[in-house]
Amino acid sequence: MLPGGVLAQYGITRCVIFTWNQRITMQPIVNDKRHFAFYAMPHIAISKDGEVGNVYRYGIQKVSHACGALEAIGKELLSGRLKLEMDMQDVEQTIIRQKIISSINYGDKPDLIEITKLASQIISQDIQNLFSVVDTSVFKYAVMTGIQIHGPMDTNWIYPQEFYVVGSDIPGGKEHLSVFENLEQDQELIMQPSAVG
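Chemist: So, the pattern of salt bridges: which residues are in play, and what are the values?
Modeler: All chains considered together, the criterion is met by three salt bridges. With its nearest N and O atoms 3.1 Å apart, the salt bridge here joins Arg97 to Glu76. Of this pair, Arg97 sits in helix 3 (residues 91-102) while Glu76 sits in helix 2 (residues 68-79), and the two are 21 residues apart along the sequence. For the residue pair Arg97 and Glu76, the accessibility class agrees, reading buried in each case. A salt bridge links Asp169 to Lys140; the shortest N-O distance between them is 3.3 Å. With Asp169 in the loop between strand 8 (156-166) and strand 9 (174-176) and Lys140 in strand 7 (residues 139-150), the pair connects residues that are 29 residues apart, well separated along the chain.

And the structure:
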């Protein structure tokens, strides 16, 4: 694992840009390069009763929502009335809304799962655009995108989008990580009856 880390959650990585230059220049230098790992994932919840978007967190006696920002956009789409003006009290929500709405067809009303998957795709593209200016002779970094899933009893999972490492010492400059490549095969083996005993 590469040392250092930067995390962006919720909707879109655009809000990270403001502190980006400061954060990457503080990353550790290993073998004459600065190293960091970047995790960017919208999140969603599934309750013990299978309710999408609802999570019961330890110590909180009422339901929480994940992701509340994406859920609000879904409700706006269902209502047929979108808030398109810039909200200076919540600029991040305005940016998330603009990116989601710009990525769907007129009249589409995606549910929370579809909006969350779309947000994950947008984040992956934003990161590629953001990192396209990073000098790989100075930096080596890992990117992990996907969807963080909050489950019952404070469980969490990751639905992977893209996992890769970028560096000038890597053939082609980029290596996709195959962490989840054999997941389906492993699941099949787990489901088979044991040959032992």
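Chemist: Let's hear about the pairing of strand 7: which residues, and what values?
Modeler: The buried fraction of strand 7 is high, at 11 of 12 residues. Two strands pair when backbone bridges link them, and strand 3 (residues 33-41) and strand 7 are joined in this way by seven bridges, in the parallel orientation. Its bridge partner lying in strand 7, Phe36 is registered against Tyr141. In the sheet, strand 4 (residues 43-45) pairs with strand 7 via three bridges, with the strands oriented parallel. Bridging across to strand 7, His43 finds its partner in Gln148. By the bridge criterion, 10 bridges tie strand 7 to strand 8 in an arrangement that is antiparallel. Pairing of Ile147 across the sheet is with Tyr159, part of strand 8.

Chemist: Could you give an account of the pairing of strand 3, with specific residues and numbers?
Modeler: Within strand 3, seven of the nine residues are buried, which leaves the element mostly enclosed by the surrounding structure. Pairing of strand 2 (residues 29-30) with strand 3 involves two bridges; the strand directions are antiparallel. The residue bridging Val30 from the neighbouring strand is Lys33, located in strand 3. Where strand 2 hands over to strand 3, the hairpin turn is made up of two residues, of which Asn31 adopts a positive phi near 50 degrees.

Analysis parameters
Residues numbered from 1 in each chain as written. Predicted model: local features only at pLDDT ≥ 70, side-chain atom pairs only at ≥ 80, totals over all residues. Heavy atoms only, no water. Salt bridge = Lys/Arg side-chain N within 4 Å of Asp/Glu carboxyl O. Helix = DSSP H or I, 4+ residues; strand = E, 2+ residues; numbered from the N terminus. Buried < 20%, exposed > 50% of the residue type's maximum accessible area, 1.4 Å probe, protein only. Pairing = 2+ DSSP bridges.

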